[in-house]
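# Survey of secondary and tertiary structure
Each chain is listed here by its residues.
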Amino acid sequence: MFKRPEQSYVVSESTIRNLDKDPANPLHQIVRLLPQGASVLDVGSGSGVLGRLLKHADKSLLIDSVEPSKFAANHAKPFYRTVYNGYAQAYYQDIKENDYDYIVLADVIEHISDPQEFLTELIENLSEKTKIIISIPNVAFGGIRLSLMNGNFNYVDSGALERTHLRFFTLLSAQQLFKNLKLYEQEVFFLGQSFYRVEFGRKELSTSLLTLFKLMLNKEALAYQYLFLLTKKSCIPPKPAFIGTSGIRIMIDAILYRPKIRSIVQYIRSLRKN
């Protein structure tokens, strides 16, 4: 797993409200996917952001969490029935006995050195009815592609290239992992963000309009994260749902975020305020 500075677990109420309004955030979609009355285990819950969002949505669920950080686990306690402080591997017997309807792994498996081994052991302790919700960052996101083309692969404190990430996934590599585990996709979401509104600097994204246009037409390049609803039961592969920033929005950002144009826009805004 990984270690984070304790204060990074502190999430403000304004951030919770913003997440609640952002359909391209995986936690927003997870709240929507979880039905009333379900029993849920939030693995790697941090300080309880998912639990807080569920309370905002006024959803009545039985939800527990597993969180290795003692600091974060203490912050999460008001939002869960039970908070298991430690790694999931230490609580497999409890997981098996609770027979949850859903296991949530929101931006977790990229922090694990061997996700397949971990998930194999976890699945062995789940019944056929239990569904697994997994969100992961997309290493083939257009912003990362452009950054690499400019010779950059810069780790950040929070984002797709977070410095605590041990594994990186594309859509195909994630799907191959699930196939190896005999997990079937019930729902798949491409969660889009503008290349220019996440962790990349303008110089890192320098490119021609033709290259940008090609990326605009590639939905896998538009996806900042993927979200999967998985089941042990065989089912018909779903048509992925794309949620979030469109290619057109990215092209507009590419134009407006050019230094000269951006300074003009900021100047016009300052005139309006005056």
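Just so we're clear, the structure is a prediction, and the values are computed from it rather than from any experiment.

## Description of the pairing of strand β1 (residues 39–43)
Where burial is concerned, most of β1 is hidden: five out of the five residues are buried. Residues S39, L41 and V43 line one face of β1 and the alternating positions V40 and D42 line the opposite face, and both faces are buried. When β1 meets strand β2 (residues 62–67), the two strands line up parallel, connected through five bridges. Across the sheet, the residue bridging to D42 is S65, located in β2. Handedness of the crossover joining β1 and β2 through helix α3 (residues 49–56) is recorded here as right-handed. The pairing of β1 with strand β4 (residues 102–106) spans three bridges and is classified as parallel. Paired with L41 across the bridge in β4 is I103.

## Section: helix α7 (residues 142–149)
Count 3.6 residues to each turn of an α-helix, and residues three or four apart come out pointing the same way. Three or more residues of α7 are buried, namely G142, G143, I144, L146 and S147. Where the residues of α7 are buried, they touch α9 (209–216) and α10 (219–222). Immediately downstream of α7, the backbone of G151 shows phi near 80°, a positive value.

## Concerning the sheet that holds β4
Pairing is mixed across the open sheet formed by eight strands, whose spatial order is β3-β2-β1-β4-β5-β7-β6-β8. In the strand order of this sheet, the two ends are held by β3 (83–85) and β8 (241–244), each with one partner. Taking each pair of neighbouring strands and ignoring which way they run, the sheet shows an average axis angle of 15°. The sheet contacts of helix α2 (residues 26–33) involve β4, β5 (131–137), β6 (184–192), β7 (223–231) and β8, and relative to β6 the element is tilted by about 140°. Helix α8 (residues 171–180) rests against β5, β6 and β7 of the sheet, and its axis sits at about 15° to β7.

## Thoughts on the packing of aromatic side chains
One pair of aromatic rings is described through two measures. These are the centre distance and the angle between the planes. For the coordinates displayed, the defined rule picks out ten aromatic pairs. Taking 5.3 Å as the distance between ring centres and 85° as the angle between the ring planes, the aromatic pair formed by F141 and F195 counts as edge-to-face. On the criterion of sequence distance, the pair formed by F141 in the loop between β5 and α7 and F195 in the loop between β6 and α9 is long-range, its members being 54 residues apart. F141 gets classed as buried once you look at its relative accessible area, which sits at 0%. Residue classification places F195 among the buried residues on the basis of a relative accessible area of 0%. Arranged with centres 5.5 Å apart and planes meeting at 85°, the rings of F153 and Y155 form a pair that is edge-to-face. For Y155, a relative accessible area of 40% gives the class partly exposed. One aromatic cluster is present, built from ring pairs that chain together F141, F195, Y196, F200 and Y224.

Rules used throughout
Here, residues in each chain are numbered from 1, in the same order as that chain's written sequence. The predicted nature of this model means local features are confined to residues of pLDDT at least 70 and side-chain atom pairs, given and counted, to a pLDDT of 80 or more, with totals for whole chains, interfaces and linings taken over all residues. For side-chain calculations, the full set of non-hydrogen atoms in the structure is used, while hydrogens and water are omitted. Three exposure classes are used, based on accessible area relative to the maximum for each residue type with a 1.4 Å probe and protein chains only: buried under 20%, partly exposed in between, and exposed over 50%. Think of it this way: any DSSP run of H or I at least four residues long counts as a helix, any run of E at least two long counts as a strand, and we number them from the N terminus. For two strands to be treated as a pair, DSSP must find no fewer than two bridges joining them. Handedness of a crossover is defined as follows: with both strands directed away from the viewer, a clockwise route from the first strand across the helix to the second makes it right-handed. Every residue pair with non-hydrogen atoms within 4.5 Å of one another is taken to be in contact. Axis definition: a line fitted to C-alpha atoms, over the contacting stretch in the case of helices. Angles run 0 to 180 degrees between N-to-C directions. Centre distance within 6.5 Å is the pairing criterion for rings of Phe, Tyr and Trp, where only the six-membered ring of Trp is used; planes under 30 degrees apart are then read as stacked, over 60 as edge-to-face, and the remainder as tilted.

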